[in-house]
Amino acid sequence: MPSNPASELTPSLVAQLQHKAAAAAQKAYAPYSHFRVGAALLLEDGTIVTGCNVENASYRLTTCAEQTAITSAVALHGPAIRIRAIAVANLNNAASQPCGACRQTILEFSTPDTLIFFPKPDGTFDQATIAELLPAAFLLNK
Ligand SMILES: O=c1ccn([C@H]2C[C@H](O)[C@@H](CO)O2)c(=O)[nH]1
Ligand SMILES: [Zn+2]
């Protein structure tokens with residue numbers, strides 16, 4: 001059952017997404033960087049799916065929070081998911097815009113106006129569309 005229609009990205013829904021992203025960050029596995037990140041995806045049907053970063057002793061095998069959230073969303077809801085909005089949070093009082101790899105992964109399941117909310121160093125949040133974060137992106141015709 002959808003919790004909220006896709007068209008209503010209200011301030012309270014954005015706040016709920018940010019809260020869930022911060023809660024997800026509590027689950028992060030980050031013994032190497034100690035940088036704990038959470039992401040909450042709002043899908044077009046109103047469903048919210050979260051993820052956290054999962055590090056590895058072989059550092060480059062680390063998975064970002066945004067990517068674990070998207071992997072979970074596909075596993076739970078199937079390949080047709082579309083992301084309406086994403087909130088990113090960290091428990092380190094730092095800025096955390098999605099990295100380049102995450103931007104490409106987000107794009108795969110986005111519409112041009114998918115909105116991403118991410119923390120700035122001053123504790124406030126910035127927002128940008130995926131098209132703004134990843135201009136001239138790599139695409140294949142499907
Ligand atoms: O977009 C990003 C960038 C980094 N991290 C994580 C990966 C790593 O565990 C830690 C430090 O880079 O932050 C994310 O979760 N998302
Ligand atoms: Zn990333």
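Note that this is a predicted model, so its numbers are computed, not measured. (Residues numbered from 1 in each chain as written. Chains lettered and ligands numbered in written order. Predicted model: local features only at pLDDT ≥ 70, side-chain atom pairs only at ≥ 80, totals over all residues. Heavy atoms only, no water.)

Caption draft 1: Geometry of the sheet that holds strand E3 (residues 83-90). In space, the 5 strands of this open sheet follow the order E2-E1-E3-E4-E5, with mixed pairing throughout. Lying at the two open borders of the sheet, with one neighbouring strand each, are strand E2 (48-52) and strand E5 (125-129). For this sheet, the mean angle separating the axes of adjacent strands, direction not counted, is 15°. Sheet topology places strand E1 (residues 37-43) next to E3; 7 bridges connect them, and they run antiparallel. By the bridge assignment for E3, Val 37 is matched with Asn 90. (Pairing = 2+ DSSP bridges. Helix = DSSP H or I, 4+ residues; strand = E, 2+ residues; numbered from the N terminus. Axes fitted to C-alpha atoms, helices over the stretch in contact; angles between N-to-C directions.)

Caption draft 2: Expanded view of the site of ligand 1. With respect to spatial proximity, 13 residues lie near ligand 1, and among them Asn 53, Glu 55, Ala 65, Glu 66 and Cys 99 are the closest. Between an oxygen atom of ligand 1 and a side-chain N or O atom of Glu 55, the distance comes to 2.4 Å. Ala 65 is positioned with one of its backbone polar atoms (N or O) 2.9 Å from an oxygen atom of ligand 1. Here ligand 1 has 370 Å² of accessible area as a free molecule, and 77% of this is covered by the chains. Of the residues contributing to the shell around ligand 1, the split by class is 7 nonpolar, 4 polar and 2 charged. (Near = heavy atom within 4 Å. Polar contact = N/O pair within 3.5 Å; in protein donor to acceptor, adjacent residues only side chain to side chain. Areas by Shrake-Rupley, 256 points an atom, 1.4 Å probe, with all protein chains shown as cover. Nonpolar A, V, L, I, M, F, W, Y, C, P; charged D, E, K, R; others polar.)

Caption draft 3: Representation of the UniProt feature "binding site: Zn(2+)" (unreviewed entry) in the protein. In the numbering used here, UniProt assigns the "binding site: Zn(2+)" (unreviewed entry) feature to Cys 64, Cys 99 and Cys 102. Spanning 39 residues, the annotated positions come together in the fold, the maximum distance between their C-alpha atoms being 8.5 Å. By the element assignment, Cys 64 lies in the loop between E2 and helix H2 (65-77). If sequence neighbours within four positions are ignored, Cys 64 has contacts with Cys 52, Asn 53, Cys 99 and Cys 102. Within the secondary structure, Cys 99 is located in the loop between E3 and helix H3 (100-108). (UniProt positions renumbered as here; feature names shortened; annotations may be inferred. Contact = heavy atoms within 4.5 Å.)

Caption draft 4: Inspection of the UniProt feature "domain: CMP/dCMP-type deaminase" (unreviewed entry) in the protein at higher detail. Residues given the UniProt feature "domain: CMP/dCMP-type deaminase" (unreviewed entry) here are residues 12-141. For residues 12-141, the end-to-end C-alpha separation is 37 Å, with 31% helix and 27% strand making up the annotated structure.

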